[in-house]
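Take a look at the letters that make up each chain.
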Amino acid sequence: MKFKKKVLSNGLGILTVPMADNPTVTVLVLVGTGSKYEKKENNGISHFLEHMCFKGTTNRPNVSDLSRELDQLGCEYNAFTGQEFTGYYAKGKSGDFPKLLDIIADLYVNPLLKEEEIEKEKGVIVDEINMYDDVPMRKVHEVWGSLLYGDQPAGWPISGARDVVRKMTRKDFVNYRKAHYVAEATTVVVAGNIDSATTVKEIIKKFKGVLDTKKQGKKKTQIVQDGPRVAVSYKETDQTHLILGVRSFPLGDERNPILTVLGGVLGVGMSSRLFRKLRDEMGVGYYVQAGNNTTTDTGHFTVSVVVANERLDEVIGAVLREFEVLKENLVTEDELNKVKDHLSGTMYLGLESSLDVAEYYGVQDVLNRELRTPQEKEKKIRAVTAEDIRKMAKKIFIEKNL
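Now for a look at the structure at hand. (Residues numbered from 1 in each chain as written. Predicted model: local features only at pLDDT ≥ 70, side-chain atom pairs only at ≥ 80, totals over all residues. Heavy atoms only, no water.)

### What to know about the pairing of strand β6 (residues 186–192)
For a regular strand, side chains alternate in direction, first toward one face of the sheet and then toward the other.
Link 1 in the chain: For β6, the buried fraction is high: seven of the seven residues fall into the buried class.
Link 2 in the chain: Of the two faces of β6, the one holding T186, V188, V190 and G192 and the one holding T187, V189 and A191 are both buried throughout.
Link 3 in the chain: One ladder, built from six bridges, connects strand β2 (residues 13–18) with β6; its direction is parallel. By the bridge assignment for β6, I14 is matched with V188. (Buried < 20%, exposed > 50% of the residue type's maximum accessible area, 1.4 Å probe, protein only. Helix = DSSP H or I, 4+ residues; strand = E, 2+ residues; numbered from the N terminus. Pairing = 2+ DSSP bridges.)

### Regarding the sheet that holds strand β8 (residues 288–294)
Link 1 in the chain: Pairing is antiparallel in the open sheet, where three strands are placed in the order β7-β9-β8. Bordering the open sheet on either side are β7 (239–247) and β8, each of which pairs with just one other strand. In this sheet, neighbouring strand axes are inclined to one another by 20 degrees on average, regardless of whether the strands run parallel or antiparallel.
Link 2 in the chain: Strand direction decides the pairing type here: β7 and strand β9 (residues 299–308), joined by nine bridges, are antiparallel. When the bridges of β9 are listed, I243 appears paired with S304. (Axes fitted to C-alpha atoms, helices over the stretch in contact; angles between N-to-C directions.)

### What to know about helix α15 (residues 386–396)
Link 1 in the chain: For α15, every residue scored as buried is listed here: A386, I389, M392, A393 and I396. The buried residues of α15 occupy one face: seen down the axis, they fall within an arc of 125 degrees.
Link 2 in the chain: Here the buried face of α15 lies against β7, α9 (256–267), β9, α11 (312–328) and α12 (333–349). (Arc of directions from axis to C-beta. Contact = heavy atoms within 4.5 Å.)

### Re the layout of surface pockets
Link 1 in the chain: In this model, the second largest pocket occupies a volume close to 960 Å³.
Link 2 in the chain: At the level of elements, α5 (136–149), β7 and α11 are the ones that each hand at least two residues to the lining of the second largest pocket.
Link 3 in the chain: Grouping the constituent residues of the lining of the second largest pocket by class yields 19 nonpolar, nine polar and five charged. (1 Å grid on protein atoms, 1.4 Å probe; cavity = no way out; pocket = protein on both sides within 12 Å on 5 of 7 lines; lining within 4 Å. Points joined across faces, edges and corners; volume = space filled by probe spheres on them. Nonpolar A, V, L, I, M, F, W, Y, C, P; charged D, E, K, R; others polar.)

### Quick look at unusual backbone geometry
Link 1 in the chain: For D21, which is not glycine, the phi dihedral falls at a positive 70 degrees.
Link 2 in the chain: Owing to a relative accessible area of 74%, D21 belongs among the exposed residues under this scheme.

### Looking at the packing of α9 against α15
Link 1 in the chain: Axis separation between α9 and α15 bottoms out at 10 Å; the angle between their running directions is 90 degrees. Taken together, α9 and α15 sit at an angle that is classed as roughly perpendicular. On α15, the residues that touch I258, L259, V261, L262 and V265 of α9 are D388, I389, M392 and I396.
Link 2 in the chain: Residue classes in the contact of α9 with α15 are distributed as eight nonpolar, no polar and one charged. (Parallel < 35°, antiparallel > 145°, perpendicular 65-115°, else oblique.)

Encoded structure:
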């Protein structure tokens, strides 16, 4: 799966990933901004702006023009906002590539940001916040983020606070776009049955109106912890959604492949240690997962589980004991090979569609990382040893970091 990368004189990044015989094509534009680039007074604006880009453009001024065209093409389209990047995409038939590119470029470069539409969308955003508050599996991650980082951008919810959202004005959106939606922070990715040279020419034409100003940065996340921490958010439910974890390393750290394999040993797949312990032996916890999560300046390794309220303490004890076992004993060769095979296999399965491939390469690029192919990533995973895992467990599974 070979990619080609080109960076224009204004800093705009272009990635093309030809996928011969694939019947689809994905056009994805990513910008290096998200909730970590916000201030207290505009927390949530990255996510709100993502909504507004679909609410009319210079070339498609009516609110439903974009969605009507995209629906008529029978394509899949959406947008997403994270802490450090925002993305817009459309995936459709290969033959519809020119139209898909035109629409995605238009909504990114030419949003009207009408005041009346902003006012209407505030209600939608607040309803979305309320909806996620009613989903414990989602809500627990906001509580976790606040516990880790406190009152700074890394600890704030991506969707923002209701009172802040209700106060936002058109001027706020215009200023935010000027500060962040600029060429040097933008990557356009096209994956599918395409010709790279032709695709690059079309992208240059369609994105010629992108802002060509200096990108504003973000404050480095401050990390202070001198002992174990706990946060509880109460709601009347039959189950407790638990995240238990420790701090790890930022994106790009060479130790992260070890944490990927460590997560696989603990909680990836139905044969993982925690799944067998909690589900098969103890008969608790419908879902259990473990893994490493990274951003450009932070990282954390977590175990997530849902459990009946009355068995919470029992489950916490079981998870902590599994941490201790990894510190004391080497993973066997058979288990280590099984985990590596599983992680590699699921990685390739997750790259079957043009959208998956576009996201795989695009996110790496927009976060200013060296682009690694799946084969290179697999090689890093295969190189992890049992001793690497034990040393890592001893390093991160310490009481003061819990």
